[in-house]
Amino acid sequence: MKRFFDYRVALEASRSPEGHSWAIREIGADGTPIGSPMIPFTWSASFDVRDIQRFVSVEGDGHRDVAASEVTDEADDEFTVGPPLLARVSDHLGAKLIPEETSFSHFGTSRTISKMSLTVEPAPDGVEDATCHVWGGIKHEHEVDFRTRSEDDELAVSLTVPKSAYERMCRLAESPQRNRAYLRLTGVSGFYAAWSPSITAYSIKTLVSESQLQLENGSGLAVTPPRLGSARRFTLSFSRQRRRSRSGTSRAVTSGDAATRSQSRIDEPEPGSFMDRMRSVERQAAIRDGTREALQGNGIGFAIEQLRTPLWIIVGLLALLVWRSC
């Protein structure tokens, strides 16, 4: 397997206002340090979650232990019935992650990570705890069936949540209404940034597993830098977008889950099909009729009706004068 690196990566002694005695530095081919020393980033990074889909599959693999009397191996015209297989059901949500303010790249590369994904799985029955795991992969080439394949730099986030929360997320993801989702990760092991008094990092470096990248340690520092792994905290929020009513108000819908949130948004799609256009015309006509009825109810409509005939006479006289002047 061939991995693609642009720089060497070294561990060095350093002093930061936060008290770190070490930092990670990238080094060019000529030995020149690249950028600033990087220290662990303990604050939060936010992502927009796009293209959420639910994936369900069933796999029959291996034979279930059964009594010999239950096994049927009699030939049939179409098939032979053998021992029953073990069924494994896979159910998870998959989505793309788009960083909101931060660019991400792996240590040793100058490339921005463009392949970022999220996977959400339900926890086993009775488990109410949630977990978060972050994994990263360096761009590499490998051989599959005598053909060379290339895999880009990747960052993947995997969440496990209680089944009750997972089912609510699935309902929002599969709803015909458009929903948006956001992911916020705090205290991720393996996230690094240059020291700053701000809690926001606009550039984050990630330290992948040791099997992919080994750090140079010429100073012999007795330090084990954290690599990609777990997060101290995560928040996955869903936002249900509602259409604005004709009265000009919009009502937010609450999902009822602590892991999700809802907010209102004006979202009036343009009519597409012929029937949609006809309904749009009918709605506009109804609005005009309602406005006319409201005016008549206020006495204004009666005055307009009384003025209609004199107005037509005036228009006719003006047209006659224009004709004679020509």
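Everything here concerns the structure above.
Predicted, not measured: the structure shown is a model, and the values here were computed from it.

> It is not clear to me how the sheet that holds strand 15 (residues 203-206) should be interpreted in this structure. Could you clarify?
The pairing of strands in a sheet comes from backbone hydrogen bonds and takes either a parallel or an antiparallel form. Judged by pairing direction, the sheet is mixed, and its six strands sit side by side in the order 2-3-4-14-15-7 without closing on themselves. With partners counted over all chains shown, the strands left at the sheet margins are strand 2 (8-13) and strand 7 (103-106), one partner each. Shown here is a sheet whose adjacent strand axes are inclined to one another by a mean of 35 degrees, direction ignored. Of the pairings in the sheet, the one linking strand 7 to strand 15 comprises four bridges and is parallel in character. Opposite S103, over in strand 15, you have S203 as the bridge partner.

> Just to check I follow, could you spell out the packing of aromatic side chains for this structure?
How two aromatic rings sit relative to each other is set out by the distance from centre to centre and by the angle between their planes. For the coordinates displayed, the defined rule picks out four aromatic pairs. Considering the side-chain rings of W22 and Y192, the 6.3 Å spacing of their centres and the 65 degrees angle between planes classify their relative orientation as edge-to-face. Taken as a pair, W22 in strand 3 (residues 22-27) and Y192 in strand 14 (residues 191-193) lie far apart in primary sequence, 170 residues in all. Accessibility assignment for this pair places W22 and Y192 in one class, buried. Feature note: the residues W22, F107 and Y192 constitute an aromatic cluster, connected by ring pairs. The ring of F4 has K139 sitting right over it, with the charged end atom 5.5 Å from the ring centre.

> It is not clear to me how the environment of F4 should be interpreted in this structure. Could you clarify?
One can find F4 in the loop between strand 1 (2-3) and strand 2. Judged by its relative accessible area of 23%, F4 falls in the partly exposed class. Not counting residues up to four positions away in its chain, the partners in contact with F4 are T109, R111, I138, K139, H140 and E141.

> I would appreciate a short explanation of the sheet that holds strand 1 in the present structure.
Taken in spatial order, the three strands of this open sheet run 1-10-11, and their pairing is antiparallel. Of all strands in the sheet, those bounded by a partner on one side alone are strand 1 and strand 11 (147-151). Bridging between strand 1 and strand 10 (residues 140-144) involves two bridges; their strand directions are antiparallel. Counted as the bridge partner of K2 is E141 from strand 10.

> Looking at this model, I keep getting lost on the side chain of D153. Mind explaining?
If you trace the backbone, D153 turns up in the loop between strand 11 and strand 12 (154-161). Among the polar contacts listed, one links the side chain of D153 to the side chain of R111, at a separation of 2.6 Å. Among the polar contacts made by the side chain of D153, one reaches the main-chain amide nitrogen of K139 at a distance of 2.7 Å. Each residue touching D153, except ones within four places of it in the same chain, is listed here: H106, R111, I113, K115, G137, I138 and K139.

> I'm lost on the pattern of salt bridges in this one. Help?
Once their charged atoms are close, side chains differing in charge can pair, the charge on each being opposite to the other. Using the criterion set out here, one finds 15 salt bridges in the structure. Between R54 and E167 there is a salt bridge, with the nearest N and O atoms lying 3.8 Å from each other. Placement of R54 in strand 5 (residues 44-63) and of E167 in helix 1 (residues 163-174) is noted, with a sequence separation of 113 residues between them. According to the relative accessible area criterion, R54 is partly exposed, its value standing at 27%.

> I tried to follow unusual backbone geometry on my own but got confused; where do I start?
With a phi close to 55 degrees, D145 is a non-glycine residue in the positive phi region. In this structure, D145 sits in the loop between strand 10 and strand 11. Overall, the relative accessible area of 56% leaves D145 in the exposed class. In the Ramachandran plot, F146 falls in the positive-phi region, its phi being about 65 degrees despite a non-glycine side chain. Mapped onto the fold, F146 is located in the loop between strand 10 and strand 11.

Definitions and cut-offs
Sequence order as written defines residue numbering, which begins from 1 separately in each chain. It should be noted that, the model being predicted, local features are given only for residues of pLDDT at least 70 and side-chain atom pairs only at 80 or more, the latter also being counted only at that level, while totals for whole chains, interfaces and linings use all residues. Remark: hydrogens and water are excluded; side-chain values derive from all non-hydrogen atoms of the structure. We treat two strands as partners when DSSP finds at least two bridges between them. Starting at the N terminus, helices and strands are each numbered in turn, a helix being any DSSP run of H or I of at least four residues and a strand any DSSP run of E of at least two. Under this scheme, a helix contributes an axis fitted over its contacting stretch, all axes are lines through C-alpha atoms, and angles between N-to-C directions fall in the 0 to 180 degree range. Aromatic pairs are defined between Phe, Tyr and Trp rings, using the six-membered ring for Trp, whenever the two ring centres lie within 6.5 Å; interplanar angles under 30 degrees are classed as stacked, those over 60 as edge-to-face, and all others as tilted. Burial classes follow relative accessibility: with a 1.4 Å probe on protein chains only, a residue under 20% of its type's maximum area counts as buried, one over 50% as exposed, and anything between as partly exposed. Placement of a charge over a ring requires the Lys NZ or Arg CZ to be within 6 Å of the ring centre, with the centre-to-atom vector within 35 degrees of the ring normal. The contact definition used throughout considers only heavy atoms, calling two residues in contact when any of these lie within 4.5 Å. In the analysis that follows, any N or O atom pair within 3.5 Å is treated as a polar contact, provided that within protein one partner can donate a hydrogen and the other can accept it, and provided that, for residues neighboring in sequence, both atoms belong to side chains. Throughout this description, the term salt bridge denotes a Lys or Arg side-chain nitrogen within 4 Å of a carboxyl oxygen of Asp or Glu.

Function-wise, these values are silent; they only describe arrangement.
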